[in-house]
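The lines below spell out each chain.
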Amino acid sequence: MSKERTFEYHHPAAGWGALKSVSRFLLQSRVPVTNVRAMLKLNQPDGFDCPGCAWGDPEHGSSFEFCENGVKAVTWETTAKRVTPRFFARYSVSEMKGWDDFRLEDQGRLTSPMRYNADTNHYEPISWEAAYDLMADHLRALDDPNEALFYTSGKACNESAWVFQLLARLYGTNNMPDCSNMCHEASGAALEDALGSGKGSVLLEDFEQAEAIFTFGQNPGTNHPRMLGTLREAADRGCEIVAFNTLKERGLERFADPQRMLEMARAGSGQISSLYLCPALGGDMAAARGMAKVLFERDAQQGNVIDHDFVARHTDGLADWQQVVEATSWADIEDQSGLSRDEITSAAEVYMRSSATIFCWAMGLTQHEHSVITIRELVNLLLLKGNIGKPGAGTCPVRGHSNVQGDRTMGIYEKPSPGFLDALEAYYGVPMPREHGVDTVDSIRAMRDGKARVFIGLAGNFARATSDSEVCEQALSGCNLTVHISTKLNRSHLVTGRDALILPCIGRVEVDRKADGQAQLITVEDSMSMVHGSSGIHKPASKALRSEVEILTQVAERLLGNEVVDWASLRADYDVIREHIAGVVPGFNDFNQRVREPRGFWLGNPGAERMFPTGTGLARFSAAALPKQVLHQKMRERTGWLTLQTLRSHDQYNTTVYGYNDRYRGVEGQRQVIFLNEQDMTRLGVEAGEFVDLIGDDSDGQVRRANHFKVVRYDTPAGCAAAYYPETNPLIPLDSVGVRSNTPNSKSVAIRLERSRRLA
Ligand SMILES: Nc1nc2c(c(=O)[nH]1)N[C@H]1C(S)=C(S)[C@@H](COP(=O)(O)OP(=O)(O)OC[C@H]3O[C@@H](n4cnc5c(=O)[nH]c(N)nc54)[C@H](O)[C@@H]3O)O[C@H]1N2
Ligand SMILES: Nc1nc2c(c(=O)[nH]1)N[C@H]1C(S)=C(S)[C@@H](COP(=O)(O)OP(=O)(O)OC[C@H]3O[C@@H](n4cnc5c(=O)[nH]c(N)nc54)[C@H](O)[C@@H]3O)O[C@H]1N2
Ligand SMILES: [Mo]
């Protein structure tokens, strides 16, 4: 670990700093040579899809493209370090519970199936056959299939996801919580309501034609580095880029300006003007409403702002929205957004000037109580100028995990549509469960209340990724059985049910072989609905590893028999799984042929063709009032309280911590830091470098604390603070969720500070 320090970062994102970091990670993984070979196969037609993020790939098949964080993701998986049965004999579960997330995963790749022994408090080896039997026995013993939970992380490819949902549904439940429930759920809900389809409408090519690109609540310099390249190219050809972000993110400032307001920034060959606005946490809906106010006023004056033809032909509900917009005062807008009328007007000016605009957004918009209506307000703005379904324009919810969007397409959803279930029934000839299942937050409630007793996780780190860590851990511990299909050791493995299994699997970079010895192909879908293939190039980390599909089909065979599905045929050749998918899911005809084309294929999006399957065929404006108060306004009224956002550092992938540096924010050698506004520091009497404990809302009697965070002064609006997830998840009450999305409000957490009792 490097020495703890904080500093001012003045360099552009990427550049030499990234190169230095890449070589360090390659060296640390202890197998640099094979890793360099792996990098050359990243996102190539005969190589593998980067497990890093879901950003689209411009020239899949022709360009050599990788980013610093893609390198980290790959080296993390291809490490030479191993977690063997000897390791588990040496360390008890209680002992490992004292380790942090970095230390757990840094032990290396899991190598053998393990079963928890409560008497010794150690994991012990178990054969694959016995592990499959144990899972089938536990599932068979439940009174009701709805007592089982089948969790999926977006790391899972389409083929694993297909088998998993089929197993769960043929067993009899729609209990399929997934990481989407904590991520872009609000985007899906808002887009579905407004436009009739929950996915983004743009293709990567649209970024080449946009005249303006707005990003709301996202940090692409760290989380979607390849997107930064796309933005940079756009900026170079004169596209205006506007960032709305509560923090001054250096990664975004490479092309947007460090100053608070409009300024010129040099980027590449030309000069571009970019705007960087810092709304208060949860203030984006008010900001968008302010922009709408400007647009309506200008249109009344000069008549050429609104695309009246588009609105008349394709939309419904404008008058109601206009009324609400006009009824909202600038005072409320400024108070809630934390931005001035002038700032909002400058953003509106950019939007009015542009004849093709893309709105991108990520977790800064989706993890608030009012996320769904916020995203609808953005869609309202797009509709007003006809910015959906024309080149260079549209919606772009920037997804997280490399296949999180694909998993949903495969039916990993606790509320499947009747149409999807009908198609499954027609294909397999048996009834499917119709009752909706539970999402992530409701899964925790179900386990807590004794209504769910078996938890099976396909990838991910449920105990650590979800909110209210202590409540969640207690809930998981009450299960009869917890199972994790994983590549690396994580906290969830240590939160055992009475019985518990760790099942190690082959990773994305590794060759998964067919029954005939040929390499299997897997497929993923990116943020732009492009479906493409991926196959590994490395030898699996251990001979004992099994593929996800192998593990799931073996359990299915034992639990359900082979009458409805010939499970062995699915694992023998994933082409067979893809034939099943093609037979059920619209858009996947000739799946096996089309996915072998160099760029794969596009699933299409109705919005891109100005079709809006909302029932009326029209896109809907939303006329929601601004929330009466957002959390940061409420916290202002409580002496000593702040609103905390929980976010990612540059050296992590969700709960996977690669290291302790957050380069662009000037943090080195540590993660226990809290970023505070200078005025708040004065108000609360804390100084930079001092240690504080974070205390969450305990009004329901549950103590919520995260101790010992170092104060770092940072450029963010007063009343708003930031600290890294997952260390801060104990602070988020389980019941603090978004309206309609049920997503934990990870970007608006009520906290107060106490001076740390532990010495520095
Ligand atoms: N290297 C790396 N890549 C990743 C991941 C990773 O952990 N590491 N995670 C993947 C996943 S699953 C996801 S979902 C994505 C996440 O990608 P992001 O959404 O970029 O991730 P966060 O770190 O949560 O950053 C949220 C950003 O929104 C800003 N923000 C917070 N609240 C508000 C608000 O109310 N308004 C505005 N305007 N801004 C706000 C924060 O300052 C921060 O810049 O990245 C994916 N890619
Ligand atoms: N406070 C707070 N909480 C959050 C968020 C936040 O911003 N703030 N973000 C939320 C978001 S957006 C998301 S998406 C979730 C993420 O939630 P998850 O997807 O559940 O978590 P990850 O950390 O991505 O999972 C990491 C684990 O996945 C396993 N793994 C990695 N690769 C593979 C593979 O190829 N196969 C298998 N089987 N296993 C693999 C490894 O064992 C690793 O330990 O967290 C959410 N939680
Ligand atoms: Mo995510």
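An unreviewed UniProt entry annotates the protein chain as FdhF/YdeP family oxidoreductase originating from Larsenimonas rhizosphaerae. Note on the protein chain: under the UniProt heading Sequence similarities (unreviewed entry), the record states "Belongs to the prokaryotic molybdopterin-containing oxidoreductase family."

Participant: Help me understand the site of ligand 1, please; the structure alone is not making it clear to me.
Facilitator: Surveying the vicinity of ligand 1 reveals 31 residues, the closest of which are Asn245, Glu249, Asp284, Gln652 and Asn654. One nitrogen or oxygen atom from the side chain of Asp284 is found 2.6 Å from a nitrogen atom belonging to ligand 1. Measuring from an oxygen atom of ligand 1, one finds a side-chain N or O atom of Lys747 at 2.9 Å. Out of a free accessible area of 920 Å², ligand 1 has 99% covered by protein chains. Contributing elements (two or more residues each) for the shell around ligand 1: helix H10 (220-223), helix H18 (363-366), strand S21 (641-647) and strand S22 (652-653). Split by residue class, the shell around ligand 1 holds 10 nonpolar, 17 polar and 4 charged. Here the shell around ligand 1 spans two domains, since at least three of its residues come from each of domain 3 (185-398) and domain 4 (631-755).

Participant: It is not clear to me how the sheet that holds strand S5 (residues 122-125) should be interpreted in this structure. Could you clarify?
Facilitator: The sheet built from 6 strands is open, its strands ordered S5-S4-S16-S15-S14-S6 with mixed pairing. Of all strands in the sheet, those with a lone pairing partner are S5 and strand S6 (148-152), marking the two edges. Ignoring strand direction, the axes of neighbouring strands in this sheet form an average angle of 20°. Here strand S15 (residues 481-486) runs beside strand S16 (residues 499-504); their pairing, made up of 6 bridges, is parallel. Opposite Leu481, over in S16, you have Asp499 as the bridge partner. Taken strand by strand, helix H7 (residues 128-141) contacts strand S4 (114-117), S6, strand S14 (454-458), S15 and S16, and its axis lies near 135° from that of S16.

Participant: Would you mind showing me how to read the nonpolar core here?
Facilitator: The nonpolar side chains of a soluble globular protein tend to be buried with one another. Counting residues in each nonpolar core, the largest one holds 61 residues, and the members touching the most others are Leu139, Phe150, Trp162, Leu424, Leu503 and Phe588. Ranked by residue count, the leading element in this core is helix H8 (residues 158-171), at 8 residues. The residues touching Phe588, leaving out its near neighbours within four places in the chain, are Thr409, Met410, Val531, Ile581, Ala582, Arg594, Phe601 and Leu603. If you look at the next biggest cluster of nonpolar residues, it comprises 51 residues, including Ala186, Ala190, Phe244 and Phe310.

Participant: Any chance you could explain helix H13 (residues 284-302) here in plain terms?
Facilitator: Owing to its 3.6 residues per turn, the α-helix brings residues three or four apart onto one side. Compared with an ideal rise of 1.5 Å per residue, which puts 19 residues at 27 Å, H13 spans 27 Å between its outermost C-alpha atoms and is within 8% of the ideal. With 14 of its 19 residues buried, H13 lies for the most part within the structure. Just downstream of H13, Gly303 is the residue with a positive phi angle, here 75°.

Participant: Even after reading the chapter, I still don't get the environment of His493, so can you show me in this structure?
Facilitator: Position of His493 among the secondary structure elements: in helix H25 (residues 491-494). Relative accessible area serves as the criterion here: at 0%, His493 is assigned to the buried category. Separated by 148 residues in the primary sequence, His493 and Trp641 have C-alpha atoms spaced 34 Å apart. The contact partners of His493, leaving out residues within four places of it in the chain, are Leu110, Tyr123, His484, Ser486, Lys488 and Ile502. Among the polar contacts listed, one links the side chain of His493 to the side chain of Ser486, at a separation of 2.8 Å.

Participant: Teacher, can you tell me more about the site of ligand 2 here?
Facilitator: Around ligand 2, a shell composed of 32 residues is seen, among which Glu105, Tyr151, Ala465, Thr655 and Asn729 lie nearest. Side-chain polar atom of Asn490 to an oxygen atom of ligand 2: 2.8 Å apart, as the coordinates give it. In the model, an oxygen atom of ligand 2 is placed 3.1 Å from a nitrogen or oxygen of the Lys747 side chain. Contact with the protein chains removes 97% of the 940 Å² of surface that ligand 2 exposes when unbound. The class makeup of the residues in the shell around ligand 2 is 12 nonpolar, 14 polar and 6 charged. Split by domain, the residues of the shell around ligand 2 number at least three in each of domain 2 (82-174 + 406-460 + 467-598) and domain 4 (631-755).

Cut-offs and rules
Residues numbered from 1 in each chain as written. Chains lettered and ligands numbered in written order. Predicted model: local features only at pLDDT ≥ 70, side-chain atom pairs only at ≥ 80, totals over all residues. Heavy atoms only, no water. UniProt positions renumbered as here; feature names shortened; annotations may be inferred. Near = heavy atom within 4 Å. Polar contact = N/O pair within 3.5 Å; in protein donor to acceptor, adjacent residues only side chain to side chain. Areas by Shrake-Rupley, 256 points an atom, 1.4 Å probe, with all protein chains shown as cover. Helix = DSSP H or I, 4+ residues; strand = E, 2+ residues; numbered from the N terminus. Nonpolar A, V, L, I, M, F, W, Y, C, P; charged D, E, K, R; others polar. Domains from an automatic or database assignment. Pairing = 2+ DSSP bridges. Axes fitted to C-alpha atoms, helices over the stretch in contact; angles between N-to-C directions. Contact = heavy atoms within 4.5 Å. Core = buried A, V, L, I, M, F, W, Y, C linked by side-chain atoms within 4.5 Å. Buried < 20%, exposed > 50% of the residue type's maximum accessible area, 1.4 Å probe, protein only. Expected span 1.5 Å × (residues − 1).

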